[in-house]
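Chain by chain, the residues run as shown.
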Amino acid sequence: MKSLDSFKRIKLGTLPTPIHRLDNISRICGTNVWIKRDDLTGIGLGGNKVRKLEFLLADAKEQGAEIVFTTGQAQSNHAMLTAACCRRLGMEPILILKKRGVMGKKGNLLLESLMDTDVRFMDVPTYDSIYEEMDRVGKASGKKYYKIPCGGSNGLGALGYVDCINEISKQGQAFDYIVCPEGSGGTHAGLSLGAKLFMPETTVIGAKVDTDPFEQITPEIMREACKLLETDTKINDDEVYHVDAAGPGYAIPSEEGNEAIKIMAHNEGLFLDPVYTGKAFGALLKMAREGRFKPDDNVLFIYSGGAGGLFAIDVE
Ligand SMILES: *Cc1c(COP(=O)(O)O)cnc(C)c1O
């Protein structure tokens, strides 16, 4: 197997991010709940995409890209962080976003305008025609360009979260469970593969905040990452664990998510977002209520950022 250190990587994040115990939430849940502060990755408003972009943008640089394309829905945190990281690295970000969600100059769209980002919208149901448009615009520019898929969720991006498991393993606390939001699959894929390789006593659970078939998507990203790592580790789809957290649909606030946002704010002074972390933490609270965790278990929640969305989407 290749070592992670042998991959090109550009330092963008302030890593390692802290881990601390949520004392009040632990009391409420009757188990030990910890939080990994990936909201503090140190660029933009922080968030999980920075770990993926360290690998993806290193690859873009290596290939001599001047333009970097990516996509997502209108309030995509990933698109905003890609623009922020490109600005730091002197590459030109072009965001071709799906016309879906809050379109006003709020939240991440406001931050993108502060960075003078070229943001375009396409009213299409799937991303395929957006990737074609990237090729069209890229070729017409005559410059070298690089395409990052939605959420940065491919094998290379997922390596950022394989490495996050290494980071966690050096932070001095063992975990029975890791719970993360799952929106395009790369974070969960990286954590699950990392745990399989380096932390086999830990069960990773992805809380699905969208209705895509993650039972296939996530193991597929893991297999792609295995290929890059040149390991013949077998990934069985049924060893990758998911729980449902989408509620009424992607980026539509849910009752459980809103309740979780308030519980976290009231008890710990931390602000989850309505699209990802609120819903995923709602799923963790539900598992605790249902008795999924033992009193002496240690459960780590990946706080993956998302503050931009909190200022765009109404939480009732
Ligand atoms: C993108 C995102 C996620 C989901 O991560 P994926 O790797 O896309 O599944 C979770 N939280 C926040 C804040 C995000 O922006």
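Caption draft 1: How the structure looks around the sheet that holds strand 2 (residues 32-37). In spatial order, the strands read 1-2-10-7-8-9; together these 6 strands make up an open sheet with mixed pairing. With one partner strand each, in any of the chains shown, strand 1 (19-21) and strand 9 (241-244) form the two edges of the open sheet. Each adjacent strand pair in this sheet contributes to an overall mean axis angle of 30 degrees, direction not counted. Examined bridge by bridge, strand 7 (residues 177-182) and strand 8 (residues 203-208) share 6 bridges and lie parallel to one another. Bridged to Cys180 within strand 8 is Gly206.

Caption draft 2: View of the packing of aromatic side chains. Tallying each qualifying case throughout the model produces 6 aromatic pairs. Relative to Tyr145, the ring of Phe69 has its centre 5.7 Å away and its plane inclined at 85 degrees; by these criteria the two rings are edge-to-face. Residue Phe69 is found in strand 3 (residues 67-70), and its partner Tyr145 is found in strand 6 (residues 145-147); the two are separated by 76 residues along the sequence. We note Lys2 situated over the ring of Phe7; from NZ or CZ to the ring centre the distance is 4.7 Å. In this structure, Lys98 packs its charged tip against the face of Tyr127, placed 4.2 Å from the ring centre.

Caption draft 3: Spatial organisation of the state of the cysteines. The final tally for this structure, using the stated rule, is 0 disulfides. For the unlinked cysteine Cys150, the closest cysteine sulfur is that of Cys86, found at 16 Å.

Caption draft 4: Spatial organisation of helix 6 (residues 155-169). Its 15 residues place the ends of helix 6 21 Å apart at the C-alpha level, agreeing with the 21 Å of an ideal helix rising 1.5 Å per residue. When you tally the buried positions in helix 6, you get 14 out of 15 residues, the bulk of the element.

Calculation notes
Residues numbered from 1 in each chain as written. Predicted model: local features only at pLDDT ≥ 70, side-chain atom pairs only at ≥ 80, totals over all residues. Heavy atoms only, no water. Pairing = 2+ DSSP bridges. Helix = DSSP H or I, 4+ residues; strand = E, 2+ residues; numbered from the N terminus. Axes fitted to C-alpha atoms, helices over the stretch in contact; angles between N-to-C directions. Phe/Tyr/Trp six-rings, centres within 6.5 Å; stacked < 30°, edge-to-face > 60°. Lys NZ or Arg CZ within 6 Å of the ring centre and 35° of its normal. Disulfide = S-S within 2.5 Å. Expected span 1.5 Å × (residues − 1). Buried < 20%, exposed > 50% of the residue type's maximum accessible area, 1.4 Å probe, protein only.

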